[in-house]
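Here's the letter readout for the chains.
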Amino acid sequence: MKLTNLAESPVYYDDTIKLIEKSFDYTCDNRFDIDFYPLMRKENHINCHLLVIDNKVVAHVGVLLKTITIDTQTFNIAMYGGIAVDEQERGKGYFKNIFNEVLNKYKDNCIHLLWSDHLEMYEKFNFYPAIEQFEYNDSLEDAFGFEPTTLAQLSQTDLMSLDSIYSSQDDIRVDRSINDWKTLSKITSTQLYIKRIDGRISNYFFMNKGEDLNGVVIEAGSFDDFEEIKNFGIVWSPEFLDFPYEGDVLYAAVLKIGDEVEFKKFISAYTDNEIDIKNIIKEDIDFSFEGSDFNLSQNEFITGVFGPSRFNELEDIFPIYISGLDSI
């Protein structure tokens, strides 16, 4: 049994993709390494971890390292994806072994995020539903106002316009550079729509993502044009866009606390110093809020601070928005 990665063992790349696509029921029309290019690109192979037994790829856990900036503070986060175990090798403890090894490798990050509906399984590793998400699918009119294009077709000026729109929003988003935008252009299974005013891009959104998110607006530059955008398909948003909201409040990811010192700083920055974490002891969190002391389980604290069903006292805090383009 050997724990390795694709940078050390590139010979296993094709087998790894086959394992992931089989685990996620991919059809022949799509490819995981296109839908999730930032995770699987060569430059990130050192973070694509493999468990190999008798020259066979038994499990894969991919990690994409990103940052989130709140005011002037930047926090490191680890995002996990492409998690797969060979169906013939399940139930033997292999996943627990590799996942604990990988989590420990990235323990210095502030938070860990992954995307899964297997809540019971990941709760064993202290991941809990987080980041409130609302779904809108009540389009009534013909689509208008936006025109289709691709990131690869945009000029440097247009890319800078997209970056400016993305980074100027009040919600909290994963940091991006112009090079990050160019990396995202390799996700050719998503479609970009832009709106121009006097020749300059005023807003944009991405829709679809190959096998994963068909028919969904997975990222909007700004939700100011929500009434137009929702005519293209289902819209996922971190905030109320239409009242009253009659759907279920969803979660956008599952979250695990990473480095405790960094997490305390993150919570303080995120809540504008309203919450001060005193201690994180096993499953419990001691914290103060508005002059009073509280004790909650990690699950209660994470869902209460980030959603779903955020604490009423935090409703005015800007939400975190990790779009479908970033999710892995």
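This text gives an overview of the structure that appears in the document. (Residues numbered from 1 in each chain as written. Predicted model: local features only at pLDDT ≥ 70, side-chain atom pairs only at ≥ 80, totals over all residues. Heavy atoms only, no water.)

Looking at the overall build of the protein chain
Now for step 1: In terms of helices and strands, the protein chain carries ten helices and 17 strands.
Now for step 2: At 20 Å, the protein chain has a C-alpha radius of gyration in line with the 20 Å of a compact globule built from 328 residues.
Now for step 3: A principal-axis box enclosing the C-alpha atoms of the protein chain has dimensions of 60 × 55 × 35 Å.
Now for step 4: Burial analysis of the protein chain (328 residues in total) assigns 54% to the buried set.
Now for step 5: The long-range fraction of contacts in the protein chain, counting pairs at least 24 apart against all pairs at least 6 apart in sequence, stands at 65%.
Now for step 6: As displayed, the protein chain has an accessible area near 16000 Å², and 45% of this comes from carbon and sulfur atoms.
Now for step 7: Averaging the locations of the 29 positively and 59 negatively charged side chains of the protein chain gives two centres separated by 10 Å. (Helix = DSSP H or I, 4+ residues; strand = E, 2+ residues; numbered from the N terminus. Rg over C-alpha atoms; globule rule 2.2 N^0.38 Å. Buried < 20%, exposed > 50% of the residue type's maximum accessible area, 1.4 Å probe, protein only. Contact = heavy atoms within 4.5 Å. Areas by Shrake-Rupley, 256 points an atom, 1.4 Å probe, with all protein chains shown as cover. Lys, Arg positive; Asp, Glu negative; His and termini not counted. Charge placed at Lys NZ, Arg CZ, Asp CG, Glu CD.)

Details of the pattern of salt bridges
Now for step 1: Under the counting rule described, the total for this entry stands at 16 salt bridges.
Now for step 2: For Glu87, the salt bridge identified is with Lys22, shortest N-O distance 3.0 Å. A residue pair is termed long-range when its members are at least 10 positions apart, and Glu87 in the loop between strand S4 (73-85) and helix H4 (94-105) and Lys22 in helix H1 (residues 13-23) qualify at 65 residues.
Now for step 3: Here Asp225 makes a salt bridge to Lys195, at a shortest N to O gap of 3.2 Å. Of the two residues, Asp225 is situated in the loop between strand S11 (216-220) and helix H8 (226-229) and Lys195 in strand S9 (residues 191-197); the sequence distance between them amounts to 30 residues.
Now for step 4: A residue is classified by how much of its surface remains accessible, and Lys195, at 16% relative accessible area, is buried. (Salt bridge = Lys/Arg side-chain N within 4 Å of Asp/Glu carboxyl O.)

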